[in-house]
Amino acid sequence: AMPWSWACGADKPDRLGHPILAIPGVEHVRFVRASALRKLPIPWPRCQDLEAWCCDVPGKNDFVISVSHIWSYAAHPDPLGEKAQLIHELVEQALAHHKPLG
């Protein structure tokens, strides 16, 4: 697990300011970069198994997307990569539409 001081952006002043960082318990959330989604193997690794380069703390100009879905399998949420492709497409559409500055 990455240390919270890094995860909250304490060492990156330009990354502070996103409203999501004020939510209680957010220190237990890992934010995966949209650019990392394309590079992850299928099936996607569990969040706790992601390498540090995949994650970052959202800055005030970043667009944060939350995904919630059922696990059809007990051992992995998407072992065949079916949801990964759909999530990737939806993230790309959202980024193209909203054009975030971050």
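See above for the structure.
Residues numbered from 1 in each chain as written. Predicted model: local features only at pLDDT ≥ 70, side-chain atom pairs only at ≥ 80, totals over all residues. Heavy atoms only, no water.

Comments concerning the nonpolar core
And step 1. In this structure, Ala36, Leu37, Leu40, Trp44, Leu50, Cys54, Cys55, Ala84, Ile87 and Val91 together form the largest nonpolar core, which totals 10 residues.
And step 2. Secondary-structure elements contributing two or more residues to this core are helix H2 (34–37) and helix H3 (82–98).
And step 3. Setting aside anything within four residues of it in sequence, one finds Ala36 in contact with Trp53 and Cys54. (Core = buried A, V, L, I, M, F, W, Y, C linked by side-chain atoms within 4.5 Å. Buried < 20%, exposed > 50% of the residue type's maximum accessible area, 1.4 Å probe, protein only. Helix = DSSP H or I, 4+ residues; strand = E, 2+ residues; numbered from the N terminus. Contact = heavy atoms within 4.5 Å.)

Overview of H3
And step 1. The end-to-end C-alpha distance of H3 is 25 Å, a good match for the 24 Å that 17 residues give at a rise of 1.5 Å each.
And step 2. Those residues of H3 lying buried are Ala84, Ile87, His88, Val91 and Ala94. Projected onto a plane normal to the axis of H3, the buried residues spread over an arc of 130° and lie on a single side. Turned more than 90 degrees from where H3 packs its buried face, Glu82, Gln93 and His97 sit exposed.
And step 3. In this structure, the buried residues of H3 make contact with H2.
And step 4. Lys99, located one to two residues past H3, shows a positive phi value of around 45°. (Expected span 1.5 Å × (residues − 1). Arc of directions from axis to C-beta.)

A closer look at the layout of surface pockets
Space left empty within the atom packing is revealed by a probe, the size of a water molecule, rolled over the atoms.
And step 1. Roughly 1,400 Å³ of internal volume is contained in the largest pocket.
And step 2. Lining the largest pocket are 43 residues; nearest its centre among them are Arg30, Phe31, Val32, Leu37 and Ile65.
And step 3. Looking at the lining of the largest pocket, the elements with two or more residues in it are H2 and H3.
And step 4. Of the residues forming the lining of the largest pocket, the biggest block, five residues, is contributed by H3.
And step 5. Among the residues forming the lining of the largest pocket, the class breakdown is 27 nonpolar, eight polar and eight charged. (1 Å grid on protein atoms, 1.4 Å probe; cavity = no way out; pocket = protein on both sides within 12 Å on 5 of 7 lines; lining within 4 Å. Points joined across faces, edges and corners; volume = space filled by probe spheres on them. Nonpolar A, V, L, I, M, F, W, Y, C, P; charged D, E, K, R; others polar.)

Description of unusual backbone geometry
And step 1. For the peptide bond that leads from Ile42 to Pro43, omega is 0°, which places it in the cis range.
And step 2. Mapped onto the elements of the fold, Pro43 is located in the loop between H2 and H3.
And step 3. At Lys99, a residue that is not glycine, the phi angle is positive and equals roughly 45°.
And step 4. Structurally, Lys99 can be placed in the segment after H3.
And step 5. Accessibility expressed as a relative area gives 60% for Lys99, which makes it exposed.

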